[in-house]
Amino acid sequence: MEKKIAVIDYGMGNLKNVKNAFNFLGYSAKITGDFEDIKNATYLVLPGVGGFKDAMATLKRKGLVNPIKDAITEGKKFLGICLGMQLLFETSEEFGYSEGLGIFKGKVVKFDENIVNLIPHIGWNDIEILKPSEEFKGIENKSFFYFLHSYYCVPEEDIAAAACDYYGKFTACVKKDNIFACQFHPEKSHKEGLALLKNFIES
Amino acid sequence: MLAKRIIPCLDIKNNEVVKGINFEDLKSAGDPVALAKKYDDELADELMFLDITASSEKRKTILKLVEKISENIFIPFSVGGGVSEIEDIHNLLNSGADKVSINTAAVINPEIIDEAAKKFGSSTIVIAIDAKKVGDEYLVFTYGGKKNSGINAIQWAKEVYNRGAGEILLTSMDKDGTKSGYEINLTSMVVRSVKIPVIASGGARDAKDIEEVFVKADAGAALAASIFHYENSGIISIKKYLKSKGINVRL
């Protein structure tokens, strides 16, 4: 089957680098906000950098909420990156309270300024693989990935696939059925990041 | 645990790397994309490109270069040099840069920091500070170190942090080019004044200097230019040394 990768365009952050990484791996990927493209894609990627509330407002305005939910329900392979992972949860405490896509039970919270010295969490941090899955094939436990975020996900169901330690442990990856999502940026995480993207497509 | 970062800096002029181009195994030693790939292979944690081209054509050429780099390098990279307007930042990020570094323009018009951080997110905005010791205080210099702004560097660091900068690239002009180690005192003072990562720059000669700036000043990253070009101080061997000293690095 032809691999059609749709990188969902909703105007949040640099999507081109995600496309560049897929292209470098030899896949064709399209940055798109078009319903038909999303429907026809075999793989959906939801990236994003920026504010949770703005992101949800934009997804709603562009009419993308239902197409994304439908694709996930249908069982289409889905990858959430950074903000794209956070949006899968029910709520975020950013600016008080914001509602997300609600695919996963749980919330998105900010690093506690009283405990965490430097916010955002910027840089390379190692992850602990909690549940080995196809996405981690060939990737050693404790490999480093590039993180860039001030908020993190707190799942209320058993979906954590990897954890990261930054002034305490937080969920770095989640996996459930057809959905994989990571807080770090695989498109900026050198060989391990590219391996993860490749595994996502090939698994 | 968060790793300390090693960041090679490449000075670009007319789309060529102009400083420290001693790689013998590269066909075109000055080709920024080839050099970036080599650093990427050697486990550089990030790359910094400083555009020192001084022509009106510069913006177009640097944007094309940024685009080409982003298609080939899958680690974060920053671009700086002559960034003066919000539109410059927008264009660089749109071409594939992950971060943009601002220096003189921020001193002239500090509000550009607030505006840029709000528009593009703090994490994309690096403020570069060139500091020099004058009497018993550190002062900020602008226009590539030519003009004394009279502003206290520690105060300025606090201000850029409060205005929403995501990182500070701190260069000691007293140490730059001397190969006598980083300015530990200055770096340490800035690190203690802000709650964002500080990238130390200026004066690195070897792995021990990098160890010192991590251990004594707690810098989040160490930036250097020419030292990484020599075989005995390649990035991997520097990282191995740092790891042997108990410093967390990505290897």
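Residues numbered from 1 in each chain as written. Chains lettered and ligands numbered in written order. Predicted model: local features only at pLDDT ≥ 70, side-chain atom pairs only at ≥ 80, totals over all residues. Heavy atoms only, no water.

1. Re the overall build of chain B
(1) Moving on: When helices and strands are tallied, chain B shows nine helices and 11 strands.
(2) Moving on: Relative to a compact globule of 251 residues, whose C-alpha radius of gyration would be 18 Å, chain B shows 17 Å and is just as compact.
(3) Moving on: Taken over the C-alpha atoms alone, chain B extends approximately 45 × 40 × 35 Å along its principal axes.
(4) Moving on: Taking the intrachain contacts of chain B between residues at least 6 apart in sequence as the baseline, contacts between residues at least 24 apart amount to 65%.
(5) Moving on: Computed over 33 positive and 35 negative side-chain charges, the separation of the two mean positions in chain B equals 3 Å. (Helix = DSSP H or I, 4+ residues; strand = E, 2+ residues; numbered from the N terminus. Rg over C-alpha atoms; globule rule 2.2 N^0.38 Å. Contact = heavy atoms within 4.5 Å. Lys, Arg positive; Asp, Glu negative; His and termini not counted. Charge placed at Lys NZ, Arg CZ, Asp CG, Glu CD.)

2. Concerning the interface of chain B and chain A
(1) Moving on: On the chain A side, the residues contacting the 35 residues of chain B number 26 residues.
(2) Moving on: In total, chain B and chain A occlude about 2500 Å² of area from one another, counting both sides; carbon and sulfur atoms represent 56% of this.
(3) Moving on: Here Asp98 of chain B and Lys188 of chain A are joined by a salt bridge, their closest N and O atoms 2.8 Å apart.
(4) Moving on: Here chain B and chain A share 15 residue pairs in polar contact (both at pLDDT 80 or more) between them.
(5) Moving on: Put simply, the parts of the chain that give the side of chain B that touches chain A at least two residues each are helix 1 (32-41), helix 2 (58-72) and helix 3 (86-94) of chain B.
(6) Moving on: Per-element tally for the side of chain B that touches chain A: the top contributor is helix 2 of chain B, with four residues.
(7) Moving on: Considering only residue class, the side of chain B that touches chain A consists of 15 nonpolar, eight polar and 12 charged. (Buried area = accessible area lost by both parts, 1.4 Å probe. Salt bridge = Lys/Arg side-chain N within 4 Å of Asp/Glu carboxyl O. Polar contact = N/O pair within 3.5 Å; in protein donor to acceptor, adjacent residues only side chain to side chain. Nonpolar A, V, L, I, M, F, W, Y, C, P; charged D, E, K, R; others polar.)

3. Regarding the confidence of the model for chain B
(1) Moving on: On average, residues of chain B carry a pLDDT of 90, and 91% of them reach 70 or more.
(2) Moving on: Low pLDDT, under 50, characterises residues 20-24 of chain B; the stretch is placed with 14 contacts to residues that sit more than four places away or in other chains. (pLDDT = per-residue confidence, 0-100.)

4. Brief notes about a nonpolar patch on the surface
(1) Moving on: Together, Val18, Leu50 and Ile52 of chain B give the surface a local cluster of nonpolar side chains, amounting to about 210 Å² of exposed area.
(2) Moving on: Inspection of the secondary structure puts Val18 of chain B in the loop between strand 2 (16-17) and helix 1. (Patch = residues over 30% accessible without salt bridge, like charges linked within 9 Å, V, L, I, M, F, W, Y side chains within 5 Å. Areas by Shrake-Rupley, 256 points an atom, 1.4 Å probe, with all protein chains shown as cover.)

5. Concerning helix 3 (residues 52-61) of chain A
Each α-helix winds once per 3.6 residues, and so residues spaced three or four apart point in a common direction.
All names here are of chain A.
(1) Moving on: Inspection of helix 3 places Phe52, Ala55, Met56, Thr58 and Leu59 among the buried residues, and these make up the whole buried set. All buried residues of helix 3 lie within an arc of 160 degrees about the axis, which places them on one face of the element. Summarising the geometry of helix 3, the exposed residues directed more than 90 degrees from the buried face are Asp54, Lys60 and Arg61.
(2) Moving on: Contacts made by the buried residues of helix 3 are with helix 4 (65-74), helix 5 (83-86), strand 5 (89-92), strand 6 (98-99) and strand 7 (104-110).
(3) Moving on: One or two steps after helix 3, the chain reaches Gly63, where phi turns positive at roughly 70 degrees. (Buried < 20%, exposed > 50% of the residue type's maximum accessible area, 1.4 Å probe, protein only. Arc of directions from axis to C-beta.)

6. What to know about the environment of Tyr138 of chain B
Residues and elements named next belong to chain B.
(1) Moving on: Tracing the sequence through the fold places Tyr138 in strand 7 (residues 137-142).
(2) Moving on: Distance from Tyr138 to Ala153, taken between C-alpha atoms, is 5.5 Å for residues 15 residues apart in sequence.
(3) Moving on: What Tyr138 contacts, discounting residues up to four positions off in sequence, is Lys132, Lys133, Ile151, Asn152, Ala153, Glu183, Asn185, Leu186 and Met189.
(4) Moving on: Of note is the side chain of Tyr138, whose polar atom sits 3.0 Å from the side chain of Asn185.

7. Notes on unusual backbone geometry
Outside of glycine, negative phi angles account for most residues, and trans bonds account for most peptide bonds.
(1) Moving on: For the bond from Ile119 of chain A to Pro120 of chain A, the omega torsion is 5 degrees, close enough to zero to count as cis.
(2) Moving on: Looking at where Pro120 of chain A falls in the secondary structure, it is placed in the loop between strand 7 and strand 8 (121-129).
(3) Moving on: One non-glycine residue with positive phi stands out, namely Tyr143 of chain B, at about 50 degrees.
(4) Moving on: Its location among the elements puts Tyr143 of chain B in the loop between strand 7 and strand 8 (147-152).

8. As for the side chain of Thr171 of chain B
Residues and elements named next belong to chain B.
(1) Moving on: For Thr171, the location among the structural elements is in strand 9 (residues 167-172).
(2) Moving on: Thr171 gets classed as buried once you look at its relative accessible area, which sits at 11%.
(3) Moving on: When neighbours within four sequence positions are excluded, Thr171 is seen to be in contact with Ile129, Asp130, Ala131, Asp176 and Ser201.

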